[in-house]
Amino acid sequence: MLKLNSTQITNSELPIIVDNYKVLHFDEYPILFTGTNKYGNKLIGSFCDEDDNYNLLYFVIIISDKDFGDFYKKKISYRDLLRKSNELFVLEKTFDDRLLNSYSVPFSEIPVDYIPLEKSYIPQKFVVRESLNYSFSLKGKLADLHKGLVNDINAINTKIYDYLSESLQALSVFGITPKVFSQPSIVGSYRLNFDIDFNQSSQLNFFEIDNIRVTEFVNQYLEYVSQTLPNEKGDFLLGHVEESTNFIAVKEKFNEIFYSSNQEPPKTVSEMLVDSVSSVAEKLSNVSEFMKSNDSFNSIEVGVINGNGQFLSSGIIDSEYKSLVELKVQFPNLLEAVNVVSDEIPKSYRILVYKINSESGKGGARLYPDSSEKYYKITLLVNKNKKDLSNSLFTESLYEDKVVEVSGIATMIDGSYKKLECYL
Amino acid sequence: MTFTNISNNAECLCLRDSYADVVNIFARKVRKAPDMKEGDFRSNFEKDRLPATDSCDDVCGIHGVSIEIWNEESAVTLLEKYQTTANYSPKYKNNLSIFKLKDGAGVVKYTPNQKEYNKFHYDLYKEDFFTIDHLDLIEMIPLIPTKDA
């Protein structure tokens, strides 16, 4: 029996659900439920036991918007939510739902046989399906009054669009051409909504892509860049990526797209992602920097919209983002370079392309200076001359994971190859 | 069979549409294994609980013991529901008794309209002198795999 004592009784109204009550699992009693208290905090609770007087005991905790979203996305179990909660309440109620007592009990004092099981995830029918409907909720300043200056809103719309578009460049290796659409805002909030749709290019359609895997990857990737990257170790993208379990998880999601199509991932996957994470973090830094200089908002809550139009938060981006990530990513810094040397005439180079934008011709590659396995990571710039990049040596290298010989002008900085400019 | 414990305490015709059923198999979650205990077959009325409203559905509901029919159609669905419950409330009634009623146990009434509609739900109205021996235990299923039945 759960031992409760009078010293644990609390008058706090924090665990009392007054709105948005929703039963997620019912079996004789409401077994698992969510709701909000009078202060607007999100609550989750469960039926625990009957006491000696046949009154009903419930666990209730307050959870953050991020944890609430993660629970609905089946990323965290109810057990883990209880374990990480700062304060666990036990409510004693009558059969007709009258509150008798509310207790504040440390999780450590809950007997182990009362603790929910490891598989206590949200019931499957409530799981929010992975989608590419993103919402950016502006916070602070005018946005809290559901207002915003037109110039500020236009600017942030463009910066978020650039951020999302850049993140989708990682998919170019699959011949996927994504489009980012703006969606109508919801009345009563200042949210900028975007929807991503993608098609496989018929010209580059070498193998069928599993759209669900792509969706899962994009979601995990965006969450990684916006929420996890700021907490990674310093300069980890400069050669220490394999030490990060979070980065490895993103890489595995990326590889799953290949495996689901019976393809072996290319050996350059880590470089593709490192390059891409740097570019996307730079775009997101532009979003974060803009928060310092506008009059309409000072932070953005990022989330997804589920099938019922409910906003599920993935976390906050604020003006500190750039300062947290700039030491970890590879923003170009040519100003500090001492010795910059470029070829005077085009020369022949062996390269392995791991990223290329078929529209702009910009990409990334390994440059092999000799016949050994030694290589330099370089920025690739292909001047298309209005020609189609689709069936070129560059795309052949990318899609077939093959070293090719091309002609171009290389730039070395302080003795290292950094850039190769080619003509189609 | 006599049902004065019910008829003396309810101004509704609770036994209307009820019938004796010693053929079908039923299920109910219980606290202890391997045997069933009378404590697990107490009605809400016997637990001094009051009906939520004065409606006959609620009044009769507190005199019945909730059971669910256990057959080919229901077994998988019910087991999944009970195991899901055990994930969140592992301590509460974590064994599932599968049983038949014997002669004289009482009568059953089909009552699917619960707080959440349940097409497998029946109320068992126990006869005045009901004991646990009026139930024929067929199987006791532990709902937490590591727990011994």
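Keep in mind that what you see is a predicted model, and the values were worked out from it rather than measured.

Colleague: Can you break down the nonpolar core residue by residue, with the values?
Modeller: Of all hydrophobic cores here, the largest spans 65 residues; its most connected members are Val225, Val277 and Leu420 of chain A. The leading source of residues in this core is helix α6 (residues 269-293) of chain A, at 9 residues. For leucine 420 of chain A, the residues in contact, after removing those within four places along its chain, are Tyr349, Ile351, Ala365, Leu367, Ile378, Leu380, Gly408 and Ala410 of chain A. Among the nonpolar cores identified, the runner-up in size contains 29 residues, and Phe33, Cys48 and Leu91 of chain A together with Tyr92 of chain B belong to it.

Colleague: Pulling in residues and values, what's your account of helix α5 (residues 245-260) of chain A?
Modeller: Residue pairs spaced three or four apart in an α-helix point in one direction, given the helix's 3.6 residues per turn. All names here are of chain A. With 16 residues, α5 should reach 22 Å at 1.5 Å per residue; the first-to-last C-alpha distance of 22 Å fits that figure. If you check which residues of α5 are buried, you get Phe247, Val250, Lys251, Phe254 and Ile257. Buried residues of α5, seen end-on, are gathered within an arc of 100° and therefore sit on one face of the element. Immediately beyond the C-terminal end of α5, within one or two residues, lies asparagine 262, with a positive phi of roughly 60°.

Colleague: Outline the interface of chain A and chain B, supporting the account with residue identities and numerical values.
Modeller: Contacts between chain A and chain B engage 21 residues on the former and 19 residues on the latter. Counting residues per element, the ones that place at least two in the side of chain A that touches chain B are β1 (19-27), β2 (29-36) and β3 (42-50) of chain A. The element best represented in the side of chain A that touches chain B is β3 of chain A, accounting for 4 residues. Partitioning the side of chain A that touches chain B into residue classes produces 12 nonpolar, 3 polar and 6 charged.

Colleague: For the packing of α5 of chain A against α6 of chain A, give the residues involved together with the corresponding values.
Modeller: Each packed pair of helices is defined by two parameters, the angle between the axes and the distance between the axes. All names here are of chain A. Following both chains from N to C, one finds α5 and α6 inclined at 115°, their axes separated by 10 Å at the closest point. For the pair α5 and α6, the sense of crossing is right-handed. In this structure, α5 contributes Val250, Lys251, Phe254 and Asn255 to the contact, and α6 contributes Val269, Ser270 and Leu273. Of the residues that constitute the contact of α5 with α6, the class distribution is 4 nonpolar, 2 polar and 1 charged.

Colleague: Residue-level account of the domain arrangement of chain A, with values.
Modeller: Residue and element names in this part refer to chain A. Split by domain assignment, chain A resolves into domain 1 (6-119), domain 2 (133-325) and domain 3 (337-423). Put simply, the middle of domain 2 and the middle of domain 3, counted by C-alpha atoms, are 27 Å apart. Residue-level contacts link 13 residues of domain 2 with 13 residues of domain 3. Of the residues assigned to the side of domain 2 that touches domain 3, the class counts are 5 nonpolar, 5 polar and 3 charged.

Cut-offs applied
- Residues numbered from 1 in each chain as written.
- Chains lettered and ligands numbered in written order.
- Predicted model: local features only at pLDDT ≥ 70, side-chain atom pairs only at ≥ 80, totals over all residues.
- Core = buried A, V, L, I, M, F, W, Y, C linked by C-beta atoms within 7 Å.
- Buried ≥ 20, exposed ≤ 12 C-beta atoms within 10 Å, placed from the backbone.
- Helix = DSSP H or I, 4+ residues; strand = E, 2+ residues; numbered from the N terminus.
- Contact = placed C-beta atoms within 7 Å.
- Expected span 1.5 Å × (residues − 1).
- Arc of directions from axis to C-beta.
- Nonpolar A, V, L, I, M, F, W, Y, C, P; charged D, E, K, R; others polar.
- Axes fitted to C-alpha atoms, helices over the stretch in contact; angles between N-to-C directions.
- Left-handed = near helix turned anticlockwise from the far one by under 90°.
- Domains from an automatic or database assignment.

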